[in-house]
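Listed below are the residues making up each chain.
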Amino acid sequence: MKKIKCSKIFIFIFLVLIAVIMLTPFVWLIISSLRPNMELLSNPFSIPETIGLQNYREVLTRQPMLKYLFNTFTVALIAMVIDVAVSVMTGYAMLHQFRFRKKLSMMFYVGLFIPANAFMVPYYIMITRMGWYDTLGGLGLIYGVVNLPFSIMIIRGYMETLPIQIIESGRIDGASTNQILMKLVLAMTRPGIVTVCIFIVINSWNELFFANLLTQSDKSKTITVAVKSYLSAFEANYSFAFAAMVISILPTIVVYVFLTNKIIGGMTAGAVKG
């Protein structure tokens, strides 16, 4: 009994240390966002002498942050709709046997290991020639393409855990392919779809590279580009940048905290196929 208690105490202390290590940067970020820029530059790790919400007021009044948040949400929504629609149809198709099925499946998994930045120039050229540069639709399309291999992997893995007897019984009852997909498969795959939606929203919300490459004006600028604007080669206002950063990450933290169980369930679904 003593050994068991000692092991539990050790595990508890270890988890507390890990939590402290992970939360320290976030706590420092929040405190720094409340300090004046000059004080932060002179001694960033000292005990704050001045604490206030002035940085947040300046950030919200100098730039249309609500507009940037709306743009970010819109782009994430476009990417989510594209990925879910394509991944559901692809996952359902991969449940059937057809020619080149294994090769096509291999192509999807290879896409997971190709860095998205490698296609920077082709993406830029295609979006520009399509006339979608500096638009929310163009950026949402790129986010959808970049996250598509991951979405297919999750939804397909979840579909493969479904009992094949249910699909076969639907065919026996005379249901069409579309009816089986919409009324049976789609309903049972809901946890995997929710997981994909959460990850797509978080990835799109925090992405900076393509947002900076494919947007220019306030009408399509996202929140991450707005944060970057406070840190340039000629001026570095870290207090404003940290305040904008806190505003930008709070929605994703809230989503992840309340939907952690669904994320874990969708990610591990493909591992329990038996």
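Please refer to the structure higher up on the page.
What to know about the packing of aromatic side chains
Here is step 1: Evaluation of the coordinates by the stated rule reveals nine aromatic pairs.
Here is step 2: Ring geometry for Phe119 versus Tyr123: centroids 5.8 Å apart, planes at 40°, classification tilted.
Here is step 3: Seen from their ring centres, Tyr238 and Phe242 are 6.1 Å apart, and the 45° between their planes marks the pair as tilted. Here the residue Tyr238 and the residue Phe242 both occupy positions in helix H13 (residues 238–258), the gap between them amounting to four residues, near one helical turn.
Here is step 4: Through a chain of ring-to-ring contacts, three or more aromatic side chains come together here, namely Trp28, Phe45, Tyr238 and Phe242.

Considering the pattern of salt bridges
Here is step 1: A full pass over the atoms with the stated rule returns four salt bridges.
Here is step 2: Glu39 is the partner of Arg35 in a salt bridge, and the nearest nitrogen-oxygen pair spans 3.1 Å.
Here is step 3: On the basis of relative accessibility, which here comes to 1%, the residue Arg35 falls in the buried class.
Here is step 4: In this structure, Asp218 and Lys221 form a salt bridge, with 3.7 Å as the shortest nitrogen-oxygen distance.

A short note on H13
Here is step 1: Here H13 spans 30 Å end to end across 21 residues, near enough to the 30 Å set by a 1.5 Å rise per residue.
Here is step 2: Of all the bends in H13, the largest measures some 30° and sits at Ile249, one to four residues before the proline Pro251.
Here is step 3: Those residues of H13 that sit buried are Ser239, Phe240, Ala241, Phe242, Ala243, Ala244, Val246, Ile247, Ser248, Ile249 and Thr252.

Considerations on the packing of helix H8 (residues 164–172) against helix H9 (residues 177–188)
Here is step 1: It is the contact of H8 with H9, at a shortest axis distance of 11 Å, that shows an interaxial angle of 165°. The orientation of H8 relative to H9 falls into the category roughly antiparallel. Helix-helix and strand crossings are classified by hand; for H8 and H9 the assignment is right-handed. Every residue of H9 that contacts H8 at Ile166, Ile167, Gly170 and Arg171 is listed here: Ile180, Leu184, Val185 and Met188.
Here is step 2: Of the residues that constitute the contact of H8 with H9, the class distribution is six nonpolar, one polar and one charged.

Some words on the side chain of Asn37
Here is step 1: Structurally, the position occupied by Asn37 is in helix H2 (residues 37–42).
Here is step 2: Contact partners of Asn37, with chain neighbours within four places excluded, come to Ala236, Asn237, Tyr238 and Ser239.

Regarding the environment of Leu184
Here is step 1: Along the chain, Leu184 turns up in helix H9.
Here is step 2: A relative accessible area of 25% places Leu184 in the partly exposed class.
Here is step 3: Between the C-alpha atoms of Leu184 and Thr61, which are 123 residues apart in sequence, the distance is 50 Å.
Here is step 4: Those residues in contact with Leu184, other than ones at most four positions away along the chain, are Ile166, Gly170 and Gln179.

What counts and how
The numbering scheme is per chain: residues are counted from 1 as the chain's sequence reads. In keeping with the model being predicted, local features are shown solely for residues with a pLDDT of at least 70 and side-chain atom pairs are shown and tallied solely at 80 or more, while totals for entire chains, interfaces and linings include all residues. To obtain the side-chain values, all non-hydrogen atoms of the structure were included, while hydrogens and water were left out. Aromatic pairs are defined between Phe, Tyr and Trp rings, using the six-membered ring for Trp, whenever the two ring centres lie within 6.5 Å; interplanar angles under 30 degrees are classed as stacked, those over 60 as edge-to-face, and all others as tilted. Helix numbers and strand numbers start at the N terminus; a helix is a DSSP run of H or I with at least 4 residues, a strand a run of E with at least 2. We define a salt bridge as a contact between a side-chain nitrogen of Lys or Arg and a carboxyl oxygen of Asp or Glu at a distance within 4 Å. With a 1.4 Å probe rolled over the protein chains alone, any residue whose accessible area is under 20% of its type maximum counts as buried; one over 50% counts as exposed, and the rest are partly exposed. To estimate how far a helix should reach, multiply one less than its number of residues by 1.5 Å. Here the bend at a residue is taken as the angle between two axes, fitted respectively to the seven residues that end there and the seven that start there. Under this scheme, a helix contributes an axis fitted over its contacting stretch, all axes are lines through C-alpha atoms, and angles between N-to-C directions fall in the 0 to 180 degree range. Relative orientations are named as follows: roughly parallel for angles under 35 degrees, roughly antiparallel for angles over 145 degrees, roughly perpendicular for angles from 65 to 115 degrees, and oblique for any other angle. Each helix crossing is assigned a hand: it is left-handed if the near helix lies turned anticlockwise from the far helix by less than a right angle, otherwise right-handed if that turn is clockwise. Whether two residues are in contact is decided by their heavy atoms, any of which lying within 4.5 Å being enough. When residues are sorted by character, Ala, Val, Leu, Ile, Met, Phe, Trp, Tyr, Cys and Pro go into the nonpolar class, Asp, Glu, Lys and Arg into the charged class, and all the rest, Gly among them, into the polar class.

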